[in-house]
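# Secondary and tertiary structure notes
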Amino acid sequence: MSAVGVKARTGSTALDLVLRFRALGLLVALTALVAVTTAVNPRFLGGQSVRDVLFAAAITVLLACGMTVVVLTRGIDLSVGSVLGLSAYVTASVLAESGMPTGPAMVLGLAVGAACGALNGVIVHFGKVPPLVATLGTLYVLRGVVYFLAGGSRINASDLPRAFLDFGNGRLLGVPYLFAVAVLVLVLVGVYLGRYRSGRDLYALGSNPEAARLAGLPAGRRLMTAYVLSGSLAGLGGVLYAARFGTVDASAGFGMELNVVAAVVVGGVAIFGGSGTVLGAALGALLLTVINNALPVLRIDQFWQQAIIGALILAAIALDRLVSIRAARALRQKGSHVD
Amino acid sequence: MSTEAPARRRDSALLRAATTWDAAIIGVTLVFLVVAAQTVEHFGTARNAGYIILDLAPILLLALAMTLIVTTGEIDLSVASTVGLTSAAMGVMWNAGMTLEAIMPLAVLLGAVLGAVNGLFITGFGLPSLAVTIGTLALYRGLAYVLLGDTAVADWPRLFTGWTLGNIGEGAVPNVLAPMAVLAIVFGLVLHATPIGRSVYAAGANPIAAAYTGIAVGRLKFWLYVTSGAMAGLVGVLWTLRYSSARADNAYGLELTVIAVVLLGGVSIFGGKGALPGVLAAVVLLVSLQNALRLAHVSTEALTVVTGSLLIAAVLAPNAASAVRGALHRRRRRTA
């Protein structure tokens, strides 16, 4: 889809530009929202308030990066909330109960996520189960496993090592470590998708799986990469969740998949693959978080939050459709081949 | 499965019917019911059967329309949120002093309108149903919270709540079974014995070919979403009265269970394949399995694991079976 956009750029209006470059549109929306909210209450741009946003956005950004990679391949990973919960619980419980050092425990959380991702990948690729069904299934199964492990108990911040909690709540030059980690991951995944052959392969697989296979791309290996990456990032998200909140019970990350899918879709990643960037997805995640934090400042009932997310998803996909229709029309006007 | 060797196709229709996924799931369900009745205490009692029927009513009603939608190759993830929103709207209308006789049809109508919104986005604007209904899943649930917040409306007239929990006559058969059975038969007849049903299969198997044979695929899908919404509205009414509580979070997450039973019932997520009897059996299997596990004091956590595994297995098993058949076929050819 992006190739079509570039070809059709001649004679485009400013509206076309904003429509086509989602990141720009999102930045405009973000700026407008922040401006309005700050006008109502100048403290919204204050240090504490901005830090709150960055803390809250970090984990969603992280998961949105993984989700982007999967959605690019025409997949979807609905299990991220459950993977996050499992990883958070495992990490917190080994830290609290077995006295494992912080470093290895965090690696363990990441590995749990990677293993869950590999499980998804195997079911999708080798089992030929559609990603929606496969990850809906693992959403249930993994949540069941967390409940099984945790029972009704929960792990409290007082059981966790000081260093671990400091990492979750500490800041470097005012920026939360959590957000720094999310930005680092964003850059790495962005470079991987944009600059590396296997990253470009993911776009090719999503645009036209059959053509990609005929061109000799190792579809299976790439799909596994995508799901393992998404699982690992959800695992990392779980570790950060445990470090940030300290209190972990069986419901950690419950229902989070909806926010992450929303962020990705709002960020302009096409749900049927082949188009989109992690930057867009991250901005989508940031926008959702800012909306969430701006609602109380604007004195809008918190209960509106979910309705707004839903409306944004619908607006985003309708916008994508509009862009692709305009692009196709522009192509026709130029008299060039559409296919 | 239709690409089997030609010799296979000449097998008797009876044999083929007996080896379909439908027949398998019906068989498994019957075996499970018999075994559970023998081994799980209290499972086989008339009272427990009544509970099972009450529990499966919302899932079954939502699964009826979902079967048709999935058979056309689409999906509707917003059904449970539609239940929540209609339930919340019922609460608001009741608080405003309207009578329940007026509220109930309005709730079903509201559901139909919400379904029409889905249908408009999907068939009118040509957007993917997965993305649209994820959006309305959030939107409708969000609007439900906007209407009622986290409060509940619980002062429903005893006459109606009593009916939803009551039994036919003095017997042990719950009242809700009657409308359920009628609707199941109607949906079954429409899908399997009318031109509409044939166009549902055609639209799912090959939408372009269906359009060329003169089927208005878009209009068909639009009305299926309206139907799905109306059924969700009906479930909203039923849910509110059964639990005597209108809440924004009613039926939260139920869409997953509904999708699970539809796929477990043998409907292909790619469309064009599936039948209602299998789905009905899958509903009975899942709900009675949950019931039996609860009676056997197996933790509810096990239920989530079972549901998820069944969902994956439902799609994995036919794939694995055809892979094994393919491998056997290749080997036979090599040795021949």
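Computed from a predicted structure; not experimentally measured.

For the rest of this paragraph, the subject is the overall build of chain B. Counting its secondary structure elements, chain B contains 15 helices and 0 strands. Computed over the C-alpha atoms, the radius of gyration of chain B is 21 Å, within 12% of the 20 Å expected from 2.2 N^0.38 for a compact globule of 336 residues. The C-alpha extent of chain B, read off along each of the three principal axes, is 80 × 55 × 35 Å. Counting over 336 residues, chain B shows a buried share of 47%. Considering only residue pairs separated by 6 or more positions, chain B has 79% of its internal contacts joining residues 24 or more positions apart.

This paragraph deals with the confidence of the model for chain B. Summing up the model confidence of chain B, the mean pLDDT is 88 and the portion of residues at 70 or higher is 94%. For this predicted complex, the interface confidence reaches an ipTM of 0.83, while the overall pTM sits at 0.85.

Attention now goes to the interface of chain B and chain A. The interface is formed by 35 residues belonging to chain B together with 40 residues belonging to chain A. If one sorts the elements of the side of chain B that touches chain A by residue count, helix α7 (residues 129-148) of chain B sits on top with 13 residues. Grouping the constituent residues of the side of chain B that touches chain A by class yields 23 nonpolar, 10 polar and 2 charged.

One broad trend across soluble globular proteins is that nonpolar side chains are buried collectively. Among the nonpolar cores identified, the biggest contains 211 residues, and I313 of chain A together with V283 of chain B are the most heavily contacted of them. Considering every element that reaches this core, the biggest residue donor is helix α4 (residues 47-72) of chain A, with 15 residues. Beyond its immediate sequence surroundings of up to four residues, V283 of chain B is in contact with L56, I59, L60, A63 and V261 of chain B.

So, about unusual backbone geometry. In the Ramachandran plot, K128 of chain A falls in the positive-phi region, its phi being about 55° despite a non-glycine side chain. Within the fold, K128 of chain A resides in the loop between α6 (102-125) and α7 (131-150).

Let's shift gears to the UniProt feature "transmembrane region" (unreviewed entry) in chain B. Residues and elements named next belong to chain B. What UniProt calls "transmembrane region" (unreviewed entry) maps, in this numbering, to residues 20-37, 49-70, 102-122, 129-148, 168-191, 222-239, 251-271 and 302-324. Overall, residues 102-122 shows 100% helix and 0% strand. The separation of its end C-alpha atoms is 31 Å. Segment residues 251-271 splits into 52% helix and 0% strand. End C-alpha atoms: 26 Å apart.

Residue and element names in this part refer to chain A. Their axes nearest at 7 Å, the elements helix α13 (residues 256-266) and helix α14 (residues 278-297) cross at an angle of 120°. As the angle between them shows, α13 and α14 are arranged oblique. The element α13 and its partner α14 pack so that their crossing is right-handed. In contact with N259, A262, A263, V264 and V266 of α13, α14 contributes A281, G284, A285, L287 and L288.

Okay, α14 of chain A next. Residue and element names in this part refer to chain A. For α14, which comprises 20 residues, the first-to-last C-alpha distance of 29 Å matches the rise-based estimate of 28 Å (1.5 Å per residue) to within 8%. Buried residues dominate α14, accounting for 15 of its 20 residues. Within two residues after α14, R299 carries a phi angle of roughly 60°, on the positive side.

What counts, and at which threshold
Residues numbered from 1 in each chain as written. Chains lettered and ligands numbered in written order. Predicted model: local features only at pLDDT ≥ 70, side-chain atom pairs only at ≥ 80, totals over all residues. Helix = DSSP H or I, 4+ residues; strand = E, 2+ residues; numbered from the N terminus. Rg over C-alpha atoms; globule rule 2.2 N^0.38 Å. Buried ≥ 20, exposed ≤ 12 C-beta atoms within 10 Å, placed from the backbone. Contact = placed C-beta atoms within 7 Å. pLDDT = per-residue confidence, 0-100. Nonpolar A, V, L, I, M, F, W, Y, C, P; charged D, E, K, R; others polar. Core = buried A, V, L, I, M, F, W, Y, C linked by C-beta atoms within 7 Å. UniProt positions renumbered as here; feature names shortened; annotations may be inferred. Axes fitted to C-alpha atoms, helices over the stretch in contact; angles between N-to-C directions. Parallel < 35°, antiparallel > 145°, perpendicular 65-115°, else oblique. Left-handed = near helix turned anticlockwise from the far one by under 90°. Expected span 1.5 Å × (residues − 1).

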